[in-house]
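Close look at the chain arrangement
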Amino acid sequence: MISHAGLAGSLKGGGKKANQGITAITRLLYHNQIPVYRNKLQQIRGRSRPDFAHFLNLGGAGGNVSSGKFSKRVYNGSEGRDAMRYQNGKRYYTMSQYCRARYGGRIVKVPLLSGCTCPNRDGSRGSGGCAFCSFTPGNISKEISEQYREGCARLLPKWPDARPVAYFQEGSNTHLPAPSLAALLAEAAALPEAAGIRIATRADCIDREKAEMLAEFQQSRGLPVEIELGLQTVHDRTAAALNRCHSFAEFCAGFSLLREAGLYICIHLINGLPGETP
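Residues numbered from 1 in each chain as written. Predicted model: local features only at pLDDT ≥ 70, side-chain atom pairs only at ≥ 80, totals over all residues. Heavy atoms only, no water.

Some points on the overall build of the protein
Selection rule: A helix here means a DSSP run of H or I that spans at least four residues, while a strand means a run of E at least two residues long, and both kinds are numbered starting from the N terminus. The rule is simple: take the accessible area with a 1.4 Å probe, protein chains only, and divide by the maximum for that residue type; under 20% is buried, over 50% is exposed, in between is partly exposed. We call two residues in contact when some of their heavy atoms are within 4.5 Å. What sets the accessible areas is the Shrake-Rupley method with a 1.4 Å probe; for residues, cover comes only from the shown protein chains.
On a plain count of helices and strands, the protein comes out with eight helices and eight strands. Counting only residues that meet the buried cut, the protein has 49% of its 278 residues in that class. Residue pairs at least 24 apart in sequence account for 75% of intrachain contacts in the protein once pairs closer than 6 positions are excluded. When the accessible area of the protein is evaluated, it comes to approximately 12,900 Å², of which 49% is carbon and sulfur surface.

Some details on the pairing of strand β5 (residues 163–168)
Stated formally: By this definition, two strands are paired if DSSP reports at least two bridges between them. Consider the strands pointing away from the viewer: the crossover is right-handed when the path from the first strand over the helix to the second runs clockwise.
In terms of residue burial, β5 counts as a mostly covered element, since five of its six residues are buried. As judged from the six bridges shared by strand β4 (residues 107–112) and β5, these two strands associate in the parallel manner. Directly across from lysine 109, in β5, lies its bridge partner valine 165. Handedness of the crossover is the feature at issue here: the chain leaves β5, passes through helix α5 (residues 178–189), returns alongside strand β6 (residues 197–201), and the resulting connection is right-handed.

Side note on the pattern of salt bridges
Applied cut-off: Throughout this description, the term salt bridge denotes a Lys or Arg side-chain nitrogen within 4 Å of a carboxyl oxygen of Asp or Glu.
The full count for this structure, using the stated rule, is ten salt bridges. Ionic pairing is found between lysine 142 and glutamate 150, a salt bridge with its closest N-O pair at 2.8 Å. Assessed through its relative accessible area of 33%, lysine 142 is described here as partly exposed. Ionic pairing is found between arginine 198 and glutamate 228, a salt bridge with its closest N-O pair at 2.9 Å. A residue pair is termed long-range when its members are at least 10 positions apart, and arginine 198 in strand β6 and glutamate 228 in strand β7 (residues 225–232) qualify at 30 residues. Judged by relative accessible area, arginine 198 falls into the buried class, the value being 2%. The network of salt bridges with shared partners includes Arg102, Lys109, Arg198, Glu226 and Glu228.

Right under this line is the structure:
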């Protein structure tokens, strides 16, 4: 369903160079029907720029996607047939529509702290964390089950028809040693009424052992496991300025391991980083 090519938000400058970058992005969207979170993909011509998403949800094997596609005009900038539209009437596949198809209705993500750290803070890859991140690692004071219970009590009254999803949001959760990650998954699977598990991490914290463990857990428990990968930018120079401490090539390697394992992936991007927007 998904390729990792062409995920750049935009290219510095305009004209032919900018349009080449846009072609890579729209080819990815057009061929793979990637669900887009909130913002529309704008038609790109000349020096205009794409404001298509902060997050792209990348489904694994067997993902539920709409049969609609982007129009030829949006794909290559030429005049062509009108765009086919998704069921919600929009010309892109929204995260909301994806979740409803995946889970059979609305979901609400319940944030949980696993007690993990990050390789960009513990010195294994860097120190100080990313420039945009306020995460501070530390010991958790409440058990996962208590965090989940309190989170459901806080969020479900606002969305009473939603199903809760256990969301390990802060830190790089697959940076945990494999036995600790397995124990975390088992604890999450025991949470009452949980419709699935979402795990935030970095692609350089994914190896084959962990990717296969996550896939095996999903298959054996029949519980959806979705991985949120922080990418932010495909440009290594920008990533260095953000103190990301990993390359786009490393991201692609971790991404590919998850894809090969058949896991669902959500990629986080930051639109309009300095030096990338014309």
